[in-house]
Amino acid sequence: MKETLLLKPNEIEKAAEIIKSGGVVAFPTETVYGLGADALNDNAIKKIFRAKNRPIDNPLIVHICSIEQLDSLVEKVPEKAIKLAEKFWPGPLTMIMKKKQVVPNSVSAGFDSVGIRMPKNKIALDLIKLSGKPIAAPSANLSGKPSPTHHSHVIEDLNGKIDAIILAGYVKIGIESTVIDMTKEVPIILRPGVITLRMIQNQIGKAELFNGEFSSKPASPGMKYKHYSPNAKVILVKYSKNQNERTKELIELYKDKNRILILSIRDLDLNYKDKEKNNKIKNINLGKNLLNMTNKIFSLFREADKENYDLIIVQGPKEIGKGIALNNRLEKAATEIVK
Ligand code: TXA
Ligand code: MG
């Protein structure tokens with residue numbers, strides 16, 4: 001155990017000093033909290049993997065605050081990447097490009113490419129600027145846990161394991177950035193996010209969404225690991241006109257469970273008042289506003305664990321636009337998917 005400094009948002013200087021001297025700091029971005037270290041310091045990078053218990057074959061995203069920094073990290077920035085950067089940076093888009101030698105293998109996990117993004121969060125940008133370093137950062141959770149969307153989640157997972165945490169409350173978006181591989185002739189989205197395929201196609205023409213199996217040599221190693229999982233069993237009920245019926249059938253089927261949390265997007269009109277009184281079934285209606293759902297989903301998973309729910313039934317949103325990203329995260333958390 002080491003003592004983890006809890007820093008206020010006006011103490012970024014201190015955080016920057018820690019980064020400069022090879023330490024690790026959790027900081028907010030607009031998507032989720034990141035666990036950052038000097039991207040060019042191999043020793044510092046290893047501390048990130050150790051603290052998170054992250055498999056070493058899963059590469060890290062490097063966060064930058066200027067286009068000059070991009071040129072120092074990437075062999076040759078493709079035209080299409082410049083277009084996307086102009087439109088979406090700073091913002092929740094990570095672009096994978098061919099890396100320069102300076103980027104340590106520990107960051108890229110042995111790949112010859114590196115994922116780069118410029119976050120849209122003042123604290124993150126100031127931290128990168130003040131430390132004078134590009135900052136490598138995965139999400140600031142223990143491997144396998146849901147990504148942290150509030151500093152309390154980071155404290156839960158990493159207190160005593162890292163040098164500092166910047167306490168900045170809730171993040172804005174709540175799910176991780178869109179990851180797109182720009183090394184391909186037709187760029188391909190490896191992880192969907194709130195910057196959608198359509199938004200990208202509008203800027204650069206052809207682009208694709210990866211939806212194959214992540215088998216022996218996955219395009220994006222992170223996708224092969226179980227992810228975003230609460231301890232409770234999660235059942236995802238896919239979007240359909242029978243979604244409410246399916247949900248109710250499941251509640252009936254699993255009525256022997258101790259506590260069931262139902263995250264719905266439709267009004268379920270449940271006749272389970274008695275059970276609710278016993279604290280057995282709780283229904284939270286998230287509504288159809290997708291941003292409301294992306295914002296809350298990971299913290300609801302964490303709260304469900306704290307309150308010892310043993311089953312979470314969640315209704316997936318329609319699979320278009322940002323709904324694709326949300327379904328992707330829900331599918332990863334789910335042990336069972338019902339159509
Ligand atoms: O929003 C985000 O992206 C957050 C914040 C902190 O920026 N970061 C984040 O990092 O979600 P992480 O490490 O939890 O997820 C990065 C994903 C992983 O699935 C990883 O495999 C993939 O990006 N990735 C990173 N570099 C890659 C590369 N060179 N080639 C293929 N996939 C890569
Ligand atoms: Mg992560």
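For the structure, check the block above.
A few points on the structure. (Residues numbered from 1 in each chain as written. Chains lettered and ligands numbered in written order. Predicted model: local features only at pLDDT ≥ 70, side-chain atom pairs only at ≥ 80, totals over all residues. Heavy atoms only, no water.)

With respect to the overall build of the protein chain
Short version of the rule: Numbering goes from the N terminus for both helices and strands, where a helix is a DSSP run of H or I of at least four residues and a strand is a run of E of at least two. Atoms counted for the radius of gyration: C-alpha only. Globule rule: 2.2 Å times the number of residues to the power 0.38. Burial classes follow relative accessibility: with a 1.4 Å probe on protein chains only, a residue under 20% of its type's maximum area counts as buried, one over 50% as exposed, and anything between as partly exposed. By definition in these notes, contact holds between two residues if any of their heavy atoms fall within 4.5 Å. The accessible surface values rely on the Shrake-Rupley method and a 1.4 Å probe; as for residues, cover is taken only from the protein chains in view. The charged-residue count follows a simple rule in which Lys and Arg add positive charge and Asp and Glu add negative charge, with His and chain termini not counted at all. The atoms used to mark charge sites are NZ of Lys, CZ of Arg, CG of Asp and CD of Glu.
Within the protein chain one finds 12 helices and 16 strands. Relative to the compact-globule value of 20 Å for 339 residues, the protein chain shows a C-alpha radius of gyration of 20 Å, a close match. For the C-alpha atoms alone, the extent of the protein chain along its principal axes is close to 60 × 50 × 35 Å. Within the span of the protein chain, comprising 339 residues, buried residues form 57% of the whole. Put simply, of all contacts in the protein chain between residues at least 6 apart along the chain, 67% involve residues at least 24 apart. Within the structure as shown, the protein chain displays about 15200 Å² of accessible surface, and the carbon and sulfur contribution to it stands at 50%. Charge-centre separation for the protein chain: the mean point of 54 positive side chains lies 1 Å from the mean point of 38 negative side chains.

Thoughts on the environment of Ser299
Looking at the element boundaries, Ser299 is found in helix α11 (residues 290-306). Take Ser299: its relative accessible area is 6%, and that puts it in the buried class. A C-alpha to C-alpha distance of 10.0 Å links Ser299 and Pro230, two positions 69 residues apart in sequence. In contact with Ser299, other than residues within four places in its own chain, are Thr149 and His153.

Things to note about the nonpolar core
Counted only if it meets this: Only buried residues count toward a nonpolar core, which is a set of Ala, Val, Leu, Ile, Met, Phe, Trp, Tyr and Cys residues joined through side-chain atoms within 4.5 Å.
By size, the foremost hydrophobic cluster in this structure holds 63 residues, and its most contacted members are Met95, Ile116 and Ile200. If near-sequence neighbours (up to four positions away) are discounted, Met95 is found in contact with Ala81, Leu84, Ala85, Trp89, Val114, Gly115, Ile116, Ile180 and Met182. One finds Ala232, Leu263, Ile312 and Leu330 within the second-largest nonpolar core, a separate group that totals 25 residues.

Some words on the sheet that holds strand β13 (residues 260-264)
Here is the rule we go by: A strand pair is defined by DSSP finding two or more bridges across the two strands. The axes used here are C-alpha line fits, helices contributing only the stretch in contact, and every angle between their N-to-C directions lies in the interval 0 to 180 degrees.
Pairing is parallel in the open sheet, where five strands are placed in the order β14-β13-β15-β12-β16. The outermost strands of the open sheet, each flanked by one partner alone, are β14 (281-285) and β16 (336-338). In this sheet, neighbouring strand axes are inclined to one another by 15° on average, regardless of whether the strands run parallel or antiparallel. As paired elements, β13 and β14 share five bridges and run parallel to each other. The residue of β14 that forms the bridge with Leu263 is Ile284. Contacting β12 (233-237), β13, β14, β15 (311-315) and β16, helix α9 (residues 243-253) runs over the sheet at an angle of about 170° to β15.

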